[in-house]
Amino acid sequence: MTEQLTKRVEDALKLTKEMTAIELASYAKAMRDEFGITATPMVAAGAAPGGGQAAAAAVEEQDSFDVVLAQAGTNKIQVIKEIRGMISLGLKEAKDLVESAPKPVKTGVPKAEAQEMKKKLEAVGATVELK
């Protein structure tokens with residue numbers, strides 16, 4: 001069953017899709033600050049006793065990741081080019097992102113895509129973390 005979205009929600013999604021990685025990171029931080037959102041997973045109030053192992057397994061099986069550029073390394077130009085190709089940023093935005101590392105490159109990425117991004121960035125000398 002597909003849920004109908006209101007016009008306001010559709011408009012917000014459209015704006016979000018059009019944001020650059022830097023804008024998305026800033027927006028995500030503002031949302032966390034404004035609404036007190038934390039990265040700590042919530043446990044259902046009615047969880048059965050002894051379900052700690054199941055909850056721990058669920059936390060370990062993370063399905064989306066944030067790709068964070070920790071350091072650009074010595075080959076900064078190649079890192080900028082690689083980032084531009086991955087998330088279609090302009091030259092100035094990509095350069096600013098690389099120079100302000102550590103910075104999220106892309107958030108909420110599926111595991112396979114995150115690992116591929118990490119592999120490509122590390123191949124050109126960057127240090128990347130998946131969170």
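Please refer to the structure placed before this passage.
Here we summarise the structure given alongside this text. (Residues numbered from 1 in each chain as written. Predicted model: local features only at pLDDT ≥ 70, side-chain atom pairs only at ≥ 80, totals over all residues. Heavy atoms only, no water.)

Topic: helix 6 (residues 111–123)
An α-helical segment advances 3.6 residues per turn. Residues three or four places apart therefore align on the same side.
No. 1: In this model, helix 6 (13 residues) spans 18 Å end to end at C-alpha, consistent with the 18 Å of a helix rising 1.5 Å per residue.
No. 2: Every buried residue of helix 6 is accounted for by Ala114, Met117 and Leu121. On an axial view of helix 6, the arc spanned by its buried residues comes to 65°, and they lie on one face. For helix 6, the exposed residues set more than 90 degrees away from the buried face come down to Ala112, Lys119 and Ala123.
No. 3: Just downstream of helix 6 lies Gly125, where phi reads positive at about 105°. (Helix = DSSP H or I, 4+ residues; strand = E, 2+ residues; numbered from the N terminus. Expected span 1.5 Å × (residues − 1). Buried < 20%, exposed > 50% of the residue type's maximum accessible area, 1.4 Å probe, protein only. Arc of directions from axis to C-beta.)

Digging into the sheet that holds strand 3 (residues 127–130)
No. 1: Pairing is antiparallel in the open sheet, where 3 strands are placed in the order 2-1-3. Each edge of the open sheet is held by one strand with a lone partner, namely strand 2 (103–110) and strand 3. Between one strand axis and the next, the sheet turns through 25° on average, direction left out of account. (Pairing = 2+ DSSP bridges. Axes fitted to C-alpha atoms, helices over the stretch in contact; angles between N-to-C directions.)

A short note on a nonpolar patch on the surface
No. 1: Together, Leu5, Val9 and Leu13 make up a nonpolar patch on the protein surface, roughly 220 Å² of accessible area in all.
No. 2: Among the structural elements, Val9 can be located in helix 1 (residues 7–17). (Patch = residues over 30% accessible without salt bridge, like charges linked within 9 Å, V, L, I, M, F, W, Y side chains within 5 Å. Areas by Shrake-Rupley, 256 points an atom, 1.4 Å probe, with all protein chains shown as cover. Salt bridge = Lys/Arg side-chain N within 4 Å of Asp/Glu carboxyl O.)

Topic: the packing of helix 4 (residues 76–87) against helix 5 (residues 91–99)
No. 1: The contact between helix 4 and helix 5 brings their axes to 9 Å, and the two run at 120°. The orientation of helix 4 with respect to helix 5, classified from their angle, is oblique. Judged by the sense of rotation from one axis to the other, the crossing of helix 4 with helix 5 is right-handed. On helix 5, the residues that touch Lys76, Val79, Ile80, Ile83 and Arg84 of helix 4 are Leu91, Ala94, Lys95, Leu97, Val98 and Glu99.
No. 2: Within the contact of helix 4 with helix 5, the residues separate by chemical class into 7 nonpolar, no polar and 4 charged. (Parallel < 35°, antiparallel > 145°, perpendicular 65-115°, else oblique. Left-handed = near helix turned anticlockwise from the far one by under 90°. Contact = heavy atoms within 4.5 Å. Nonpolar A, V, L, I, M, F, W, Y, C, P; charged D, E, K, R; others polar.)

These results come straight from atomic positions and should not be treated as a statement about function.
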